[in-house]
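Reading the structure
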Amino acid sequence: MTATAEVVIVGAGIMGCAIAYSLAERGLSDIVVIERDAIARGATADAAGGIRQQFSTETNIHLATASVRVWETFAERFDAEIGLRQQGYLFLLDDEAEADTFRSNVALQRTLGVPSRWVEPDEIATLNPYVRLDDVVGGTYCPEDGWVDTYQATMGYARAARRLGVTFREDTAVTGITVEDGRVTGVGTPGGPISSPLVILCAGPYTRQVAAMAGIDLPISPSRRMSFVTEPFDGLPPTLPMTIEFSTGLYFHPESGG
Ligand SMILES: Cc1cc2nc3c(=O)[nH]c(=O)nc-3n(C[C@H](O)[C@H](O)[C@H](O)COP(=O)(O)OP(=O)(O)OC[C@H]3O[C@@H](n4cnc5c(N)ncnc54)[C@H](O)[C@@H]3O)c2cc1C
């Protein structure tokens, strides 16, 4: 007999788990999340967990502001500790043209209620005394920005989803998507097909490959990132903000003593 589900979600990273929870909260009762590895082991496991409201478009700022409110209430709402640290995001700028753009961004952010501000090099030296400032013309800072533990956040969503009846199938790869008369009708797995009128792809960097199973070419291309984790050491105070050198994309933040 073919298994059935109201919704199949492919991938149990932060996206799949958050969507599963949100659909269950809205009353969908038969949701199956299929994960070829384990919950929170994809890109989500490697993320720095940075959350910021310093964006350049109104839409992104609204989305980011709403998400910060979610993280601020997450521990209480889901009884899950996610290591939220609102120690700010500090952008360092070494180019006058970029500085002008960031000043305009801050003006827009502030009209939408984001407490970001322009900071001169002497204030940057106070916010983070460990950066070299000789080529820095200024920066922007928002004290409400920060970071969370992405593993704990994802597990928090997954546990909340399970409590609402969502089924998680780990160690199970989606190997095919069935399409009939132009509509998706289910997925294939090594354990057999699951029939469903709604399949949501949350496969992160693999979404293009999974979409191709339904004959759809999504323009999603993964790009490699590099991260370095130190042992705990005493050199940097744990209160530093997430600090980003905008021109190179290099950023760092303190976590777990390192
Ligand atoms: C080094 C690094 C730093 C980052 N820092 C930040 C940051 O500071 N702030 C921020 O917001 N974002 C950051 N990101 C981005 C963030 O990690 C991703 O946007 C987010 O985790 C994506 O979540 P996801 O659920 O879409 O994907 P993933 O977490 O990758 O989950 C996708 C899941 O799909 C599963 N899957 C794939 N194919 C199949 C299949 N055929 N069948 C079943 N399951 C399948 C995978 O196993 C995986 O578990 C960072 C990313 C990296 C790599």
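Conventions adopted
Residues numbered from 1 in each chain as written. Predicted model: local features only at pLDDT ≥ 70, side-chain atom pairs only at ≥ 80, totals over all residues. Heavy atoms only, no water. Phe/Tyr/Trp six-rings, centres within 6.5 Å; stacked < 30°, edge-to-face > 60°. Helix = DSSP H or I, 4+ residues; strand = E, 2+ residues; numbered from the N terminus. Buried < 20%, exposed > 50% of the residue type's maximum accessible area, 1.4 Å probe, protein only. Lys NZ or Arg CZ within 6 Å of the ring centre and 35° of its normal. Near = heavy atom within 4 Å. Polar contact = N/O pair within 3.5 Å; in protein donor to acceptor, adjacent residues only side chain to side chain. Areas by Shrake-Rupley, 256 points an atom, 1.4 Å probe, with all protein chains shown as cover. Nonpolar A, V, L, I, M, F, W, Y, C, P; charged D, E, K, R; others polar. Axes fitted to C-alpha atoms, helices over the stretch in contact; angles between N-to-C directions. Parallel < 35°, antiparallel > 145°, perpendicular 65-115°, else oblique. Left-handed = near helix turned anticlockwise from the far one by under 90°. Contact = heavy atoms within 4.5 Å. Salt bridge = Lys/Arg side-chain N within 4 Å of Asp/Glu carboxyl O.

Some words on the packing of aromatic side chains
As enumerated under the stated definition, the model contains 11 aromatic pairs in all. Ring geometry for Y21 against F78: centres 4.9 Å apart, planes inclined by 80°, an arrangement best described as edge-to-face. You can see Y21 sitting in helix 1 (residues 14-25) and its partner F78 sitting in helix 3 (residues 58-78), a full 57 residues away along the chain. Like F78, Y21 is buried. Measuring from ring centre to ring centre gives 5.0 Å for F74 and Y157, while their planes differ by 85°; the resulting arrangement is edge-to-face. Of the two residues, F74 sits in helix 3 while Y157 sits in helix 6 (residues 150-163), which places them 83 residues apart along the sequence. On the basis of relative accessibility, which here comes to 9%, the residue Y157 falls in the buried class. Counting every residue linked through ring pairs, the aromatic cluster contains Y21, W71, F74, F78 and Y157. It is R52 that lies over the ring of F55; its NZ or CZ is 4.1 Å from the centre. A cation over a ring is seen here: R103 above W118, with NZ or CZ 4.1 Å from the ring centre.

Considering the site of the ligand
Around the ligand lies a shell of 27 residues, among which E35, A43, T44, G50 and V174 are the nearest. Backbone polar atom of A48 to a nitrogen atom of the ligand: 3.1 Å apart, as the coordinates give it. Within the contact set of the ligand, an oxygen atom lies 2.8 Å away from a backbone nitrogen or oxygen of G50. Computed on the free molecule, the ligand has an accessible area of 1000 Å², of which 79% lies beneath the protein chains in the complex. For the shell around the ligand, the elements supplying multiple residues, two or more each, are helix 1 and helix 2 (43-46). The element best represented in the shell around the ligand is helix 2, accounting for 3 residues. Considering only residue class, the shell around the ligand consists of 15 nonpolar, 8 polar and 4 charged.

Observations concerning the packing of helix 3 against helix 6
Packed helix pairs are specified by the crossing angle of their axes together with the interaxial distance, meaning the distance between the axes. Remark: helix 3 packs on helix 6, axes separated minimally by 11 Å, with the N-to-C direction vectors making an angle of 50°. With respect to helix 6, the element helix 3 is oriented oblique. Crossing of helix 3 against helix 6: the hand is left-handed. Facing V70, W71, F74 and F78 of helix 3, the residues of helix 6 in contact are A153, G156, Y157, A160 and R163.

Side note on the pattern of salt bridges
Applying the stated rule across the entire model yields 10 salt bridges. In this structure, D100 and R103 form a salt bridge, with 3.3 Å as the shortest nitrogen-oxygen distance. Here the residue D100 and the residue R103 both occupy positions in helix 4 (residues 96-111), the gap between them amounting to 3 residues, near one helical turn. For D100, a relative accessible area of 44% puts it in the partly exposed group.

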